[in-house]
Amino acid sequence: MSHVENELSSQPECWKRAAELAVRHKDALSAPGERVAVVGCGTSFFMAQAVAALREGAGLGETDAFAASEFPAGRSYDRVVALTRSGTTTEVLELLAAVRGRARTTAITADPSTPVMQAADDIVVLDFADEESVVQTRFATTALTLLRAHLGLHTEQAVADARTALAEPLPEGLVGCTQFTFLGRGWTNGLAQEAALKMREASLSWTEAYPAMEYRHGPISISTTTTATWMFGQAPEGLAGQVADTGAMWIEGRLDPLSELVRAQRLAVAVAAARGLDPDRPRHLTRSVILDGA
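Here the structure is a predicted model, which means the values were calculated and not measured.

**Considering unusual backbone geometry**
- Even without a glycine there, the phi angle at Ser30 is positive, about 100°.
- Assessed through its relative accessible area of 7%, Ser30 is described here as buried.
- Although it is not a glycine, Leu204 sits at a positive phi angle of roughly 55°.
- Mapping Leu204 onto the fold places it in the loop between α8 (188-203) and β7 (206-211).
- Relative accessible area serves as the criterion here: at 39%, Leu204 is assigned to the partly exposed category.

This is how it looks when you write it as structure tokens:
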């Protein structure tokens, strides 16, 4: 069994621990009314998109998400929350240094022995969710669970659904598809983007992700009998039928959307196995992007 298989299988337990930690770290994770930016790179950026939509949608304050390299230098925030599994990513460390003193900074990391521990004002360490695989699974979802719990939006049903996502077989024929599209709405847009990234990283698959209402504005044209279209959350009315009319496989999001992401992680591993690939060692990727001269 690969590292990523072991790690993604531990997510229900990791989520329970993260939800319990949220109260302890409430002062570091933003207060209602604060203007907040959530930043990260790669997978962490997509988790940032999800939590920003959740927080603002809950009426807790204006919240933006940025790739760390694209943070708008002239914009002011009360707090910048950085998601960084490794604690060593160059763009994240440079951003935290640039905004320190102008905004309160919080880093959520898996490794307490890395430079980010000195780079941020507040630190949350989720070392129990650290990973050996280059491909992120449990750290990303555990960090998002911590933040969902902080916002009062985590439920035990999410944990139960994650167990279901791990136990149930994947839909018949899904692994044999040649193209995968993931759709989301609101906070699940970030999850859809992350599902597509997992498929690219682990299985070198042709994958795309879109806001669900945008799928009819062009992307549906590529759908065919070897396409799978997977919805995270409630689908727009009529979309499932339109996708079915193309001959594509429609995957309904029945579980908590974060638990649907667990199912997509399993799919990425299964497709990698079918193609003879090692999902722990994705092509051209490393655990952290550390730039020369930074």
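Right, picking up where we left off after that structure.
**Here's the deal with the pattern of salt bridges**
- This structure, assessed with the given rule, holds 15 salt bridges.
- The shortest N-O distance in the salt bridge between Arg163 and Glu13 comes to 3.6 Å. Here Glu13 lies in helix α2 (residues 11-21) and Arg163 lies in helix α7 (residues 156-167), a separation of 150 residues in the sequence.
- Overall, Arg163 belongs to the partly exposed group, its relative accessible area being 39%.
- Its salt-bridge partner being Glu260, residue Arg263 comes within 3.0 Å of it at the nearest N-O pair. Pair noted here: Arg263 and Glu260 are both in helix α10 (residues 257-274), with a separation of three residues, about one helical turn. For the pair Arg263 and Glu260, a shared accessibility class is recorded, and that class is buried.
- Each of Glu34, Arg79, Arg104 and Asp122 takes part in one network of salt bridges that share partners.

**A short note on the side chain of Asp161**
- Structurally, Asp161 can be placed in helix α7.
- Despite being buried, Asp161 has no salt bridge partner; Arg254 is the closest side chain of opposite charge, sitting 7.6 Å away.
- Only 2.8 Å separates the side chain of Asp161 from the backbone nitrogen of Asp256, close enough to count as a polar contact.
- In contact with Asp161, other than residues within four places in its own chain, are Leu255, Asp256 and Ser259.

**Quick notes on the sheet that holds β7**
- Taken in spatial order, the four strands make up an open sheet running β7-β6-β8-β9, and their pairing is parallel. The open sheet terminates on both sides in strands that have one partner only, identified here as β7 and β9 (249-251). Each strand axis lies, on average, 20° off the axis of its neighbour in the sheet, ignoring direction.
- Relative to β7, strand β6 (residues 179-184) runs parallel, the two sharing six bridges. Within the sheet, the bridge partner assigned to Thr181 lies in β7 and is Glu208.
- Against the sheet, α8 touches β6 and β7, its axis set at about 175° to β7.
- In the packing of α10 onto the sheet, the strands contacted are β6, β8 (227-231) and β9, and the crossing angle to β8 comes to about 155°.

**So, the pairing of strand β2 (residues 63-67)**
- Within β2, four of the five residues are buried, leaving the element largely enclosed by the surrounding structure.
- In terms of strand pairing, strand β1 (residues 36-40) meets β2 through five bridges, oriented parallel. Bridged to Val38 within β2 is Ala65.
- Read from β1 through helix α3 (residues 43-57) to β2, the crossover connection turns out right-handed.

**Focus on the pairing of β8**
- Burial analysis of β8 places five of its five residues in the buried class, the great majority of the element.
- Of the two faces of β8, the one carrying Thr227, Thr229 and Met231 and the one carrying Ala228 and Trp230 are both buried.
- Pairing geometry for β8 and β9, over three bridges, is parallel. When the bridges of β9 are listed, Ala228 appears paired with Met249.
- In terms of handedness, the path from β8 via helix α9 (residues 239-245) over to β9 forms a crossover that is right-handed.

Rules and cut-offs
- Residues numbered from 1 in each chain as written.
- Predicted model: local features only at pLDDT ≥ 70, side-chain atom pairs only at ≥ 80, totals over all residues.
- Heavy atoms only, no water.
- Buried < 20%, exposed > 50% of the residue type's maximum accessible area, 1.4 Å probe, protein only.
- Helix = DSSP H or I, 4+ residues; strand = E, 2+ residues; numbered from the N terminus.
- Salt bridge = Lys/Arg side-chain N within 4 Å of Asp/Glu carboxyl O.
- Lys, Arg positive; Asp, Glu negative; His and termini not counted.
- Polar contact = N/O pair within 3.5 Å; in protein donor to acceptor, adjacent residues only side chain to side chain.
- Contact = heavy atoms within 4.5 Å.
- Pairing = 2+ DSSP bridges.
- Axes fitted to C-alpha atoms, helices over the stretch in contact; angles between N-to-C directions.
- Right-handed = clockwise from strand over helix to strand, strands pointing away.

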